[in-house]
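An overview of the molecular structure
The lines below spell out each chain.
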Number of protein chains: 4
Amino acid sequence: MAAPINVALIGYAFMGKAHSNAYRQVTPFMSPRREPRMKVLCGRTQSRVQAAARQYGWEEAATDWREVVARKDIDLVDIATPGDLHAEIAIEAARHGKAVLCEKPLANSVAEAQAMVDAVDAAGVVHMICHNYRRIPAVVLARQLIEAGRIGTIRHFRGTYLQDWIAHPDFPLVWRLDKAQAGSGALGDIGAHVVDLARYLVGEINEVSGHLETFVKERPLPDGKPGRGTVTVDDASMALVRFENGAIGTIEATRMAPGRKNANRFEINGSTGSIAFDLERLNELEVYLEAEDAAVRGFHRVLATEPQHPFVKSWWPPGHIIGYEHTFVHTIYDLLEAIADKRVPSPNFHDGLRNQQVLAAIENSSTTRQWVSV
Amino acid sequence: MAAPINVALIGYAFMGKAHSNAYRQVTPFMSPRREPRMKVLCGRTQSRVQAAARQYGWEEAATDWREVVARKDIDLVDIATPGDLHAEIAIEAARHGKAVLCEKPLANSVAEAQAMVDAVDAAGVVHMICHNYRRIPAVVLARQLIEAGRIGTIRHFRGTYLQDWIAHPDFPLVWRLDKAQAGSGALGDIGAHVVDLARYLVGEINEVSGHLETFVKERPLPDGKPGRGTVTVDDASMALVRFENGAIGTIEATRMAPGRKNANRFEINGSTGSIAFDLERLNELEVYLEAEDAAVRGFHRVLATEPQHPFVKSWWPPGHIIGYEHTFVHTIYDLLEAIADKRVPSPNFHDGLRNQQVLAAIENSSTTRQWVSV
Amino acid sequence: MAAPINVALIGYAFMGKAHSNAYRQVTPFMSPRREPRMKVLCGRTQSRVQAAARQYGWEEAATDWREVVARKDIDLVDIATPGDLHAEIAIEAARHGKAVLCEKPLANSVAEAQAMVDAVDAAGVVHMICHNYRRIPAVVLARQLIEAGRIGTIRHFRGTYLQDWIAHPDFPLVWRLDKAQAGSGALGDIGAHVVDLARYLVGEINEVSGHLETFVKERPLPDGKPGRGTVTVDDASMALVRFENGAIGTIEATRMAPGRKNANRFEINGSTGSIAFDLERLNELEVYLEAEDAAVRGFHRVLATEPQHPFVKSWWPPGHIIGYEHTFVHTIYDLLEAIADKRVPSPNFHDGLRNQQVLAAIENSSTTRQWVSV
Amino acid sequence: MAAPINVALIGYAFMGKAHSNAYRQVTPFMSPRREPRMKVLCGRTQSRVQAAARQYGWEEAATDWREVVARKDIDLVDIATPGDLHAEIAIEAARHGKAVLCEKPLANSVAEAQAMVDAVDAAGVVHMICHNYRRIPAVVLARQLIEAGRIGTIRHFRGTYLQDWIAHPDFPLVWRLDKAQAGSGALGDIGAHVVDLARYLVGEINEVSGHLETFVKERPLPDGKPGRGTVTVDDASMALVRFENGAIGTIEATRMAPGRKNANRFEINGSTGSIAFDLERLNELEVYLEAEDAAVRGFHRVLATEPQHPFVKSWWPPGHIIGYEHTFVHTIYDLLEAIADKRVPSPNFHDGLRNQQVLAAIENSSTTRQWVSV
């Protein structure tokens, strides 16, 4: 049995819960060559991090991330904090020679992201950014079809990520609506996923025209505090984009679309076929192929739960669907295998930086009212 | 220009409106070799039949169907009355050597249906039953795929026709709920369509186990008359069926399925593929083919609006959908062509008789609580 | 019986067929107060216009539109030619005091469109632009819901019109790909519909950032002529838009989306609900309402075939769907009623001009690479 | 911290994997009052059960189930073996005073099922049958809506469970196709789920007319053995059913429906609404309510991922879907809570017996060709 990979996870909120689950599930379902050992969970509040560690199955709880990333017995530092802490932790972890996994968006600014890339490159450590949607079986299938030329030359990308949780003007001013902590709003939080998928599936974006909008400019303070505060991030963003390979596209992210709970959707049109996806039905991929005989040509609803589909054979028989958190298990599996091989997996900090540059260009374009090169 | 075919239509209610439209539209869109001439519309009430004739474009109105079917200048008698008049009119029309089109179900009993078959056979006239759903492009496509062996040996048929217009117990006791006029309820009205499609797509049914149910046994009298009357037909029917070719199936018809407005649906499973259809989306056919490559195999949504799909090139470019009444235009076109060729088209009175026998077997089985041979 | 409205239709291709059908169907189904009389069909080629007139039911055929629009016995001139003739014919018809219906886009330039508006205003005639999708029952329902405040303040519009008929690079260089005749490509042909629906449903657009793309720059000459020619219009266009009322949106049109045959789709998000539509399923509207109880809240699939839905009671019972051409029947009905009332219906030439200004702004922005005011 | 519940799981194949996962996940996600302790996994083959125990996180492996169920330190015996062992193990476990969870179908015969019920009743132990689909959030929501009277009096149930894994005649003769081990084929394996859901959602079934079919009567022997053997179970079954409360229904199960991977579907029509479900999209429920206002009435697609939906708040934010195995986590949670409370949860062995009686009646009716009372 190969030595386990000792993990320290920083952050125990939504993403901390999802990452913890991935470490717990990856061995029983996917049998990585080097298994993860859930060593230490780190967070700010002693009592809460202890409770979380116990609940999620971590051996220890800690409150000082600097101590944790310096520990000799830690191999992998997993950063699941708000964006304003990403750079500092990642750079310190790299300095200590740790493999680093970081939640998206990589940082709250391009400068920070660049510093992180420099740090992991200099340290020569394994690094990865957690864009878990790259490891949905249906999404990997989309990429395989594109790479195999099944839809020809790509011409159009149409990506939206629609949610509705702040549609009501009385939804409070939580940290995700504060630029200092979150960096940006819908754009960085969910638009980042669309940008990443666009790059994964189509190619590099080199020019954008963007617009950011804050529909509700003031909101009640959170946690029952009296009064209202100013929203400092975008509620919604939209952009036209041009890809290096000649394709064109639209990218949109909003938290103001009632009824769309998690509608990370894309459609890609190539010269000989099309592909469409919706995260709310993540086990399915819609595929249209010009090459098929005309009488029965039409969009297929591919239920990507067959053993030949990516990652699926680790789970259940055909038609037994998987859920949201499985995408993290796949991500962690690929990271563990990369660490075992001492190679940098994809997407990594370089992708995170490039994504950040695209997001910055969209934000910049929204101000200048012109197309901006990335 | 070939001589026109002079038409007399008996009945001007729902079906009369649909048939009138078909005669009006068939020439501009489908150019039959012999065009129909809308000669006379016949109905019981003078003032109303005159108004309808004017509205729908008939040259004359008449109230005595016996006179009409005896007219020298009539080539085709089209029967769109309630079922209790079908036999008498059809037999008389055949006796006068007219081509006859009859609405479904062919008659209110097997004996009547048999007499109608005998009459048209003896007279040697062209005859057809109006099962218009056999001429939906997507349905004809289904048949073509089956005949080409694309889904292999058929094993399962699953047919339902669901409506909801009498779900409320205060819906009044209209003529369709009266056995004397309508013959039967959901079974004969809409179940007849499912039986006909089953025979068209799969083959002959030779054994059934059926059940009829009347959930609401009394209803208010119609037209504002005081009091309530007894419902003498079924609200719903269901049956297990076995086909001559070894396939098995379920057939169901109900007017008590809230939200299902016109859900004439079927699914057919063969040894190497499946086909599914829903009348509420009649331009679409779902097709699954085992022969396709595994990565992208899935149900296709075929939008049956391409020029190579049956009947479509008469209408609009791809993606411009057609509606309910177009199925009658296709039916009338095929009838006119058959008359021009002096041949009996399909489905005809023999089909109507066979359908009636299946319906009778279902009703019979519902009483005996046993399987019944057709 | 009121005097009929005598119609002259100029053009007998795709749109000529659709308009002819509308005049033929409007009386039997919708009973306008003043019925249309299909007086004369006008086209360039004598033999073909005669054949078309006979086929579609016009009393006469003619080849000189100037003579036709000057005829005393013509009340309504309906223009269904390519765009380069719209202005000249419409202005002449107005000068002769005729009511004018014009296909979209109103003209090939803003200047032409302005001249047309000036002409009809000066002449005081009834005028209408044929944006038939404004009269789909589901689309009118969408507008009614918005006007009733059911989805609150509108924040997002997301409109695409996707087709695929020129995706193959060997599709020939037909007139629609020639700027001189067609004015523009996907933008003017189908993007015009999206712009019109955006204005109908959301409000005026006052700023745009657009991009036009021609993926296939040369194509084989049409009608079997040897050699290739240059495509002078856009294959695809996309734009970000801002509305006067604060909403934002994306508008896209392409003829290069394999499998999308007629995907005129929109989604609208308001503060308290959302609405979505797809022309390939034009009988349906998806509606989400925050006001509903949480347990069952979700997008409704409204089958807009109930008697209380707009225009439906003229056709068939619930669940019996209508098709593409019905939208023209509704349009002609409303035009005939407006003529009877001597009032200008909506959308009219003012809408056509405004639409044209938006299209021009998108095209302009595509050149300047900046946001452009409309 | 309350004492843990020590679990012994018998069987480590498909169901063993699913149950193991449930014990592993229930604590981190659902915090039962008494946590499960994964004490011992039991199977026939020493090396394989040891590997499985390690992989799935069990403390010990064992090969003699009799020893295991007699152990003092075991509180709960979970039976996930083929059906021919259920009765023996369950009875022995009850005799030793253990709580018992048993996979479905409860047994291979009504007699065995009755003996199991007698045993658990006599021993006074907690018992449960693992019909995990009763704990899909959307399915529980369906039941809540029915209980609240939202769809009125139930009239129709339409349940199918369609799979396709033995559609090809060369699929080998695995144990599930052998009556001695499996008891029955599609009927007992997946039809049992439909029967259970029908009883859960509608009520008791008291009369059936059934038909069983074996389309492929001989198949290659498994594991590469030469020759072919006889299939001794049904490939497909179908039945008409009548419920005690007056509703009627159809129940169908087949493994011969190409493209249907796991189509456990039902539709229920009440007097004032309808509900539909499909396991391949298990996060969704379709709901139609007559009570809604007519303009927007239509089937809702309820994404049952909101905190107010059953079980959901343990998992992820809205729109982040769950998968197949989550249904076992919910089941185990409810079992653990019942054990903590010393009460018998639902569904239990009494349900298993009743389900078995319905299945037996269907099989019986298939032989007698008559309706059979349950």
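Just so it is clear, the model here is predicted, and its values are computed rather than measured.

Focus on the relation of the copies chain B and chain D
With an RMSD of 0.0 Å, the fit of chain B onto chain D corresponds to turning through 180 degrees and sliding 0.0 Å along the axis. Look at the turn and shift together and you get a two-fold axis relating the two. Distance from the rotation axis, computed per C-alpha, reaches its smallest value in chain B at B:Q370: 2.2 Å. Of all interface residues in chain B, 97% are interface residues in chain D too; the two copies therefore contact each other through one and the same surface.

Looking at the relation of the copies chain A and chain B
Overlay of chain A on chain B (RMSD 0.0 Å): rotation 180 degrees, translation along the axis 0.0 Å. When you check the interface residues of chain A against chain B, 100% turn up at the interface there too, and the contact is symmetric in its surfaces.

What about the sheet that holds strand β5 (residues 99–103) of chain B?
Residues and elements named next belong to chain B. Spatial strand order, β3-β2-β1-β4-β5-β6: six strands in an open sheet with parallel pairing. Two strands close off the open sheet at either side, each with one partner strand: β3 (60–62) and β6 (127–130). Geometrically, the sheet is characterised by an average inter-axis angle of 20 degrees between neighbouring strands, direction not taken into account. Summarising the sheet, strand β1 (residues 5–10) and strand β4 (residues 76–79) pair through four bridges and their orientation is parallel. By the bridge assignment for β4, A8 is matched with V77.

Describing the domain arrangement of chain A
For an interface, size is often stated in terms of accessible area lost upon the parts coming together. Residue and element names in this part refer to chain A. Parsing chain A into structural domains produces domain 1 (5–130) and domain 2 (137–281 + 283–322 + 354–368). One C-alpha centre belongs to domain 1, the other to domain 2, and the line joining them spans 25 Å. In this complex, domain 1 contributes 12 residues to the contact, which on the side of domain 2 involves 14 residues. Elements that contribute at least two residues to the side of domain 1 that touches domain 2 include exactly α1 (14–30) and α5 (110–123).

Details of the interface of chain A and chain B
In this complex, chain A contributes 15 residues to the contact, which on the side of chain B involves 15 residues. A total of five residues in the side of chain A that touches chain B trace back to one element, the largest contributor, which is strand β16 (residues 299–303) of chain A. Of the residues that constitute the side of chain A that touches chain B, the class distribution is nine nonpolar, three polar and three charged. As judged from the three bridges shared by β16(A) and strand β16 (residues 299–303) of chain B, these two strands associate in the antiparallel manner.

Some thoughts on the sheet that holds strand β1 (residues 5–10) of chain D
Backbone hydrogen bonds are what pair the strands of a sheet, in a parallel or an antiparallel way. Residues and elements named next belong to chain D. The strand order across the open sheet built from six strands is β3-β2-β1-β4-β5-β6, with neighbouring strands paired in parallel fashion. The open sheet has two edge strands with one neighbour each: β3 (60–62) and β6 (127–130). Pairs of neighbouring strands in the sheet enclose a mean axial angle of 20 degrees, with direction left out of account. In this sheet, strand β5 (residues 99–103) lies alongside strand β4 (residues 76–79) in parallel orientation, the contact comprising four bridges. By the bridge assignment for β5, I79 is matched with C102. Sheet strands in contact with helix α1 (residues 14–30) are β1, β2 (36–42), β4 and β5, and its direction is about 165 degrees off that of β1.

Let's talk about the interface of chain B and chain D
Taken together, the contacts link 30 residues of chain B with 29 residues of chain D. Sorting the residues of the side of chain B that touches chain D by element identifies β7 (154–162), β8 (205–213), β11 (236–243), β12 (248–254), β13 (263–270) and β14 (273–278) of chain B as the ones contributing at least two each. Here the side of chain B that touches chain D gets four residues from one element, more than from any other, and that element is β12(B). Split by residue class, the side of chain B that touches chain D holds 12 nonpolar, 13 polar and five charged.

Reading the values: the criteria
Residues numbered from 1 in each chain as written. Chains lettered and ligands numbered in written order. Predicted model: local features only at pLDDT ≥ 70, side-chain atom pairs only at ≥ 80, totals over all residues. Least-squares fit on C-alpha atoms with pLDDT ≥ 70 in both. Contact = placed C-beta atoms within 7 Å. Pairing = 2+ DSSP bridges. Helix = DSSP H or I, 4+ residues; strand = E, 2+ residues; numbered from the N terminus. Axes fitted to C-alpha atoms, helices over the stretch in contact; angles between N-to-C directions. Domains from an automatic or database assignment. Nonpolar A, V, L, I, M, F, W, Y, C, P; charged D, E, K, R; others polar.

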